[in-house]
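Spelled out from the first residue to the last, the chains are:
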Amino acid sequence: MAAQGLVIRQIDSQNQRLKHLYVTDLGRIRADLIERENRYSERVAQAGLSTSEQAQLKQLLGRVAKNIGADWEQVKAGMYRKY
């Protein structure tokens, strides 16, 4: 992100091992665009769903993400999948 000009890095004056990241004006513009796109995409994806259906979808997708995340962590740790 620093190479793209979205953030700048500054070394901490008290501790040289610490690097602080600050969002640039370009980074803010891009972040705003991404947030607007996200809100629009969520509206389109959830069109026609009731509030309870939206909550159920969120719960189910959370469970799916947890399953995938746990499996992927095991793969990164060196586990081989049994197909």
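In case you missed it, the structure is sitting above this.
Residue indices begin from 1 for each chain and proceed along its sequence in written order. For this predicted model, a pLDDT threshold of at least 70 governs which residues receive local features, and a threshold of 80 or more governs which side-chain atom pairs are given and counted, while totals over whole chains, interfaces and linings are taken from all residues. Note: side-chain values were computed over all heavy atoms of the structure, leaving out hydrogens and water.

Regarding the overall build of the protein chain
Heads up, the condition is: Numbering goes from the N terminus for both helices and strands, where a helix is a DSSP run of H or I of at least four residues and a strand is a run of E of at least two. Residue exposure (1.4 Å probe, protein chains only): buried if accessible area is under 20% of the type maximum, exposed if over 50%, otherwise partly exposed. Pairs of residues are marked as contacts when any of their non-hydrogen atoms sit within 4.5 Å. Computed with a 1.4 Å probe, the accessible areas rest on the Shrake-Rupley method; for each residue, only the protein chains presented here act as cover.
Secondary structure summary: the protein chain contains two helices and two strands in total. Sequence-ordered secondary structure for the protein chain, helices as α and strands as β, is β-β-α-α. Within the protein chain, buried positions represent 6% of all 83 residues. Long-range contacts, defined as pairs at least 24 residues apart, comprise 3% of the intrachain contacts of the protein chain with a sequence gap of at least 6. In the structure as shown, the protein chain presents an accessible area of about 7,700 Å², 56% of it carried by carbon and sulfur atoms.

Thoughts on the pattern of salt bridges
Put simply, the rule reads: Whenever Lys or Arg places a side-chain nitrogen within 4 Å of a carboxyl oxygen from Asp or Glu, that contact is recorded as a salt bridge.
Here the structure, examined in full by the defined rule, presents three salt bridges. Between R81 and D71 there is a salt bridge, with the nearest N and O atoms lying 2.8 Å from each other. Here D71 lies in helix α2 (residues 51–76) and R81 lies in the segment after α2, a separation of 10 residues in the sequence. When its relative accessible area of 36% is taken as the criterion, R81 is described as partly exposed. E73 is paired through a salt bridge with K76; the nearest N and O atoms lie 3.2 Å apart.

A look at α2
Every α-helix winds through 3.6 residues per turn, so residues three or four apart in the chain are directed the same way. Stated formally: Under the convention used throughout, the expected extent of a helix is 1.5 Å for every residue step, that is, one less than its residue count.
Taking 1.5 Å of rise per residue, the 26 residues of α2 would be expected to cover 38 Å, and the 37 Å separating its terminal C-alpha atoms lies within 8% of that figure. Phi turns positive, to about 110 degrees, at G78, one or two residues after α2.

A word on a nonpolar patch on the surface
Selection rule: For patch building, the residue pool is restricted to those with more than 30% relative accessible area and no salt bridge; the joining distance is 9 Å between like charges and 5 Å between nonpolar side chains (Val, Leu, Ile, Met, Phe, Trp, Tyr).
A cluster of nonpolar side chains, contributed by L49, L57 and L61, occupies part of the molecular surface with about 230 Å² of accessible area. Note that L57 resides in helix α2. Classification of L57 as partly exposed rests on a relative accessible area of 33%.

What about the environment of K58?
By the secondary structure assignment, K58 is in helix α2. As a C-alpha pair, K58 and M1 span 57 residues in sequence and 30 Å in three-dimensional space.

Some words on the side chain of D12
For clarity, the threshold we go by: Charge counting treats Lys and Arg as positive and Asp and Glu as negative, with His and both chain ends excluded. In protein, a polar contact requires one atom able to donate a hydrogen and another able to accept it; more generally it is a pair of N or O atoms within 3.5 Å, and residues adjacent in sequence count only if both atoms are side-chain atoms.
With respect to the helices and strands, D12 occurs in the loop between β1 (7–11) and β2 (19–23). Buried charge D12 goes without a salt bridge, the closest partner of opposite sign being R17 at 9.6 Å. Within the local environment of D12, its side chain forms a polar contact with the side chain of H20, the two groups lying 2.6 Å apart. Apart from residues lying up to four places away in sequence, D12 is in contact with L18 and H20.

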